[in-house]
Each structure stands twice: as C-alpha cells, then as structure tokens.
Amino acid sequence: MAYYLGIDGGGSKTHALLGDEHGNVLGKGRSGNGNHQTGARQAAASIRAASCAALEEAGLQLGEISHAYLGLAGADRKTDYDILHPIIRSIGFTEYTISGDPMIGLRAGTNRSYGVALICGTGTNAAGRSREGRHYQCGGFDYMYGDFGGGGALNIEVFRTVLRAWDGREAPTLLTEPLLKLLGYTRVEDMFDDFLDHGKSVPLDAARLLFPAAAEDDAAALAILHRQGVELGKAAAAVIHRLGMKSDVFDVVLAGSLLTRGDQGWIRAPIEQAVHSAAPDASVVTLATEPVVGALWSAMESGGITITDDIYKKMRGFQDFDAIPITTGQE
C-alpha cells in the first residue's frame, strides 16, 4: 500500500491530510501559521506539527510516505524556495513537491488539470495553469506590490472606515458598533487614542464584520467588498490573458475564507463580470472542500496515481478540520 500526504500552509493555519492510494483518509493534522514570510521558524514548527499529527493518527512514520505535496502561502519566487527546501528537508521529507497555495486550491476545486485559482484569505493571490501546463502567478506580494485586500488588509479598511466616519470624513457606518465591541471599547475616541498611543494592531477578525454590515446595506461595507471583487477580477483576467486562455473552457476556483465563508455575492459578482469578459466560456466556482484535499490529490498524482471518480466521490466536500484540535510545535 502506498501512502500520500498533502499539506496546506496558510498565513493563519496549516492543515495536513494523509491518505492511501485508494483515496481513503487515514490521518489529519492542524496547526498554526505556515507562511515562512511571516516567520520561518514558526512555519517550520507548524508544518512539522500538522504532519506529525496526521502521521500519528494514521499510525505511520514519515519514511512510509511515498510522496508529499505542500501548497504553501509565500512560495512565490526562487528566493522563497531557497528558504523552504531546507526547512522541508529538515523535517524529514525526501519525496516531496512544493507549490504556492493557489495551485492546491485550484486542484481541489476542479476536475480539470488546468484553470485559475483566486485566493482571498489572510492575503490575496491569483495563479493559473494552462492546457499546455504553463503557470503564471499574479500578485500575492502585499499592497505595496500591487495587491489589495485579504483579511490582513480589509481589517485595516474596517478600522479606518470607522475612524473616518467618527471624524466626519465619511458618513456614519454600521461597522462602528461591531468594531468597538470586538476591540473592547465604548467610544471611537478611546479606541483611536489607545491604538495611536500604544501602536496596537487591528485583528484579522475585524474583516469579517464587513459581511453582516453589507447584509444590512451599509454603504461603506458594500464599497469595500465590491472593491475586493474588482481587484480579484483584475487579477483573474491578467492570468487568463497571460496564459492565452481566453477561448478555453475552464474553472476559476474561488478559495480562501473571505470567498468561501460569508460572501453573498458582494465579492463574487465583480469577479464573474471580469472573468466572463476575459474568457466567456469559463465558469466561476466556489471551492467546496478544504484546499488540502487538492494537495493530497497532487501528491497522489505525483506518485503516479490517477484520481478516479471513486476517489473524487470519497473526498469531494471534505470539511472536517474545524473539529480538529490545533497542534502546536516547538519553534
């Protein structure tokens, strides 16, 4: 029996999924930040901890894994791979592949070997693979380098929107009271002074306040979410054009918590408009399973396994990670 391991390392979590050649899930693991760009030692500890948890549940040793596929946030350039390969080898991996996290989201969301993936979680990213196997990534490097949004930026948008409404530069917003409650203040002035005086950071959870406010037609929340959709649509169109996919039939897979949990079309609608303008026969689909499933399928394919309809049926829709305790590793 051959065994395979898929790993999804994101900015706030790392998932590991271990299965056999028939698509039976044997082990799962969950840990913290797996993005080396925000802490290489922490990322190494998280990848190790999630992998060990999956191996322990399956009753296997790392040396018994035929192939591991790691889809890692921050695996963008040669500089990143020069850091990541020593990290992964130090954990004990020998037969493995590293890619950026958009590619495992893409693999989890489509039965085709090509397409486009859009990520909107802690950060944003867009990447695609053409029919011919060419790859292109657009973005994933933060606001200064052309990106907009993700939880690590929309949280700031929420905070500054509330401040601008308070100081009179913008109209009142329904974001104010939920943000004060989240941060533990009764007045915006107190929040402003405390953050400014002590250099505090806005938590990522603040971004999620946009969805209930948008559901109540708050203009500021709707505008922020619309801009997020427009920016992601531009990234998708850039990937489509760069890979020459405008006449192809393929899926654009939406992944990341801000696209799969909470959005009721505020972000998706502008994406669909941009995608259909760039490639009329493309379909926009929301990822319905954990991206780590795509990592496991990619590991299996790297080991020569064909993903059959039976394997798709067994694993499509896998969503068990929220119930798994978070395992912490030693940094």
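Here the structure is a predicted model, which is why all the values come from computation and not from measurement.

J.: Break down the packing of helix 4 (residues 151-167) against helix 5 (residues 176-183) for me, with residues and values.
T.: Closest axis-to-axis distance for the helix 4/helix 5 pair is 10 Å, and the angle between their directions is 115°. By crossing handedness, the relation of helix 4 to helix 5 is classed as left-handed. Side by side, helix 4 and helix 5 meet where Val158, Phe159 and Val162 of the first sit next to Thr176, Leu179 and Leu183 of the second. Class assignment for the residues of the contact of helix 4 with helix 5 results in 5 nonpolar, 1 polar and no charged.

J.: So what about the nonpolar core? Which residues, and what values?
T.: Grouped together as the largest cluster of nonpolar side chains are 51 residues, with contacts concentrated most on Leu179, Met191 and Phe250. It is helix 8 (residues 219-242) that contributes the most residues to this core, 9 residues altogether. Apart from the residues lying within four places of it in its own chain, the contact partners of Met191 are Phe159, Val162, Leu163, Leu179, Leu180, Leu183 and Tyr185. The next biggest cluster of nonpolar side chains, apart from the first, holds 24 residues, and it includes Leu5, Ala44, Ile87 and Phe93.

J.: Tell me what's going on with the sheet that holds strand 8 (residues 135-138), and back it up with residues and numbers.
T.: The sheet built from 5 strands is open, its strands ordered 8-7-6-9-10 with mixed pairing. The outermost strands of the open sheet, each flanked by one partner alone, are strand 8 and strand 10 (283-286). The mean angle between the axes of side-by-side strands here comes to 20°, regardless of whether they run parallel or antiparallel. One ladder, built from 6 bridges, connects strand 6 (residues 115-120) with strand 7 (residues 124-129); its direction is antiparallel. By the bridge assignment for strand 7, Leu118 is matched with Ala126.

J.: Before we move on, can you summarise the environment of Pro203 with the specific residues and values?
T.: Looking at where Pro203 falls in the secondary structure, it is placed in the loop between helix 6 (188-198) and helix 7 (210-215). A sequence separation of 35 residues divides Pro203 from Ala238, and the C-alpha atoms of the two residues are 31 Å apart. Once residues within four sequence positions are removed from consideration, Pro203 is found in contact with Asn155, Leu182 and Leu183.

J.: Account for helix 6, naming residues and giving values.
T.: Every buried residue of helix 6 is listed here: Val188, Met191, Asp194 and Phe195. Looking down the long axis of helix 6, one finds its buried residues gathered within 135° of arc, a one-sided arrangement. When the buried face of helix 6 is taken as reference, the exposed residues oriented beyond 90 degrees from it are Leu196 and Asp197. Of the surrounding elements, those touching the buried residues of helix 6 are helix 4 and helix 5. Looking one or two residues beyond helix 6, the residue adopting positive phi is Gly199, at roughly 60°.

J.: Could you give an account of the side chain of Thr173, with specific residues and numbers?
T.: Inspection of the secondary structure assignment puts Thr173 in the loop between helix 4 and helix 5. Every residue in contact with Thr173, bar those within four places of it in the chain, is listed here: Thr161, Val162, Ala165, Asp218 and Ala220.

J.: Please provide a residue-by-residue account of the pairing of strand 9 (residues 251-255), values included.
T.: Where burial is concerned, most of strand 9 is hidden: 5 out of the 5 residues are buried. Burial along strand 9 is two-sided: Asp251, Val253 and Ala255 facing one way and Val252 and Leu254 facing the other are all buried. In this sheet, strand 10 lies alongside strand 9 in parallel orientation, the contact comprising 4 bridges. Following the sheet pairing, Val252 is matched in strand 10 by Val284.

J.: Give a description of the sheet that holds strand 5 (residues 96-100) that names residues and reports values.
T.: The mixed open sheet is built from 5 strands, whose spatial order is 3-2-1-4-5. Unpaired on one side and paired on the other, strand 3 (25-31) and strand 5 mark the two borders of the sheet. Taking each pair of neighbouring strands and ignoring which way they run, the sheet shows an average axis angle of 15°. When strand 2 (residues 14-20) meets strand 3, the two strands line up antiparallel, connected through 6 bridges. Each bridged residue has a counterpart across the sheet, and for His15 the counterpart in strand 3 is Arg30. The strands touched by helix 11 (residues 291-302) within the sheet are strand 1 (3-9), strand 2, strand 4 (65-72) and strand 5, with strand 1 carrying the most contacts at an inclination of about 140°.

J.: Explain the packing of helix 4 against helix 8 residue by residue, including any values.
T.: Packing of helix 4 against helix 8 leaves a shortest axis separation of 11 Å and a crossing angle of 155°. Judged on the interaxial angle alone, helix 8 and helix 4 are roughly antiparallel. In the packing of helix 4 onto helix 8, the handedness of the crossing is right-handed. Across the interface between the two elements, Leu154, Glu157 and Thr161 of helix 4 pack against Ala220, Ile224 and Gln228 of helix 8. A class-by-class count of the residues in the contact of helix 4 with helix 8 yields 3 nonpolar, 2 polar and 1 charged.

Thresholds applied
- Residues numbered from 1 in each chain as written.
- Predicted model: local features only at pLDDT ≥ 70, side-chain atom pairs only at ≥ 80, totals over all residues.
- Heavy atoms only, no water.
- Axes fitted to C-alpha atoms, helices over the stretch in contact; angles between N-to-C directions.
- Helix = DSSP H or I, 4+ residues; strand = E, 2+ residues; numbered from the N terminus.
- Left-handed = near helix turned anticlockwise from the far one by under 90°.
- Contact = heavy atoms within 4.5 Å.
- Nonpolar A, V, L, I, M, F, W, Y, C, P; charged D, E, K, R; others polar.
- Core = buried A, V, L, I, M, F, W, Y, C linked by side-chain atoms within 4.5 Å.
- Buried < 20%, exposed > 50% of the residue type's maximum accessible area, 1.4 Å probe, protein only.
- Pairing = 2+ DSSP bridges.
- Arc of directions from axis to C-beta.
- Parallel < 35°, antiparallel > 145°, perpendicular 65-115°, else oblique.

What is shown is where atoms sit, not what they do.
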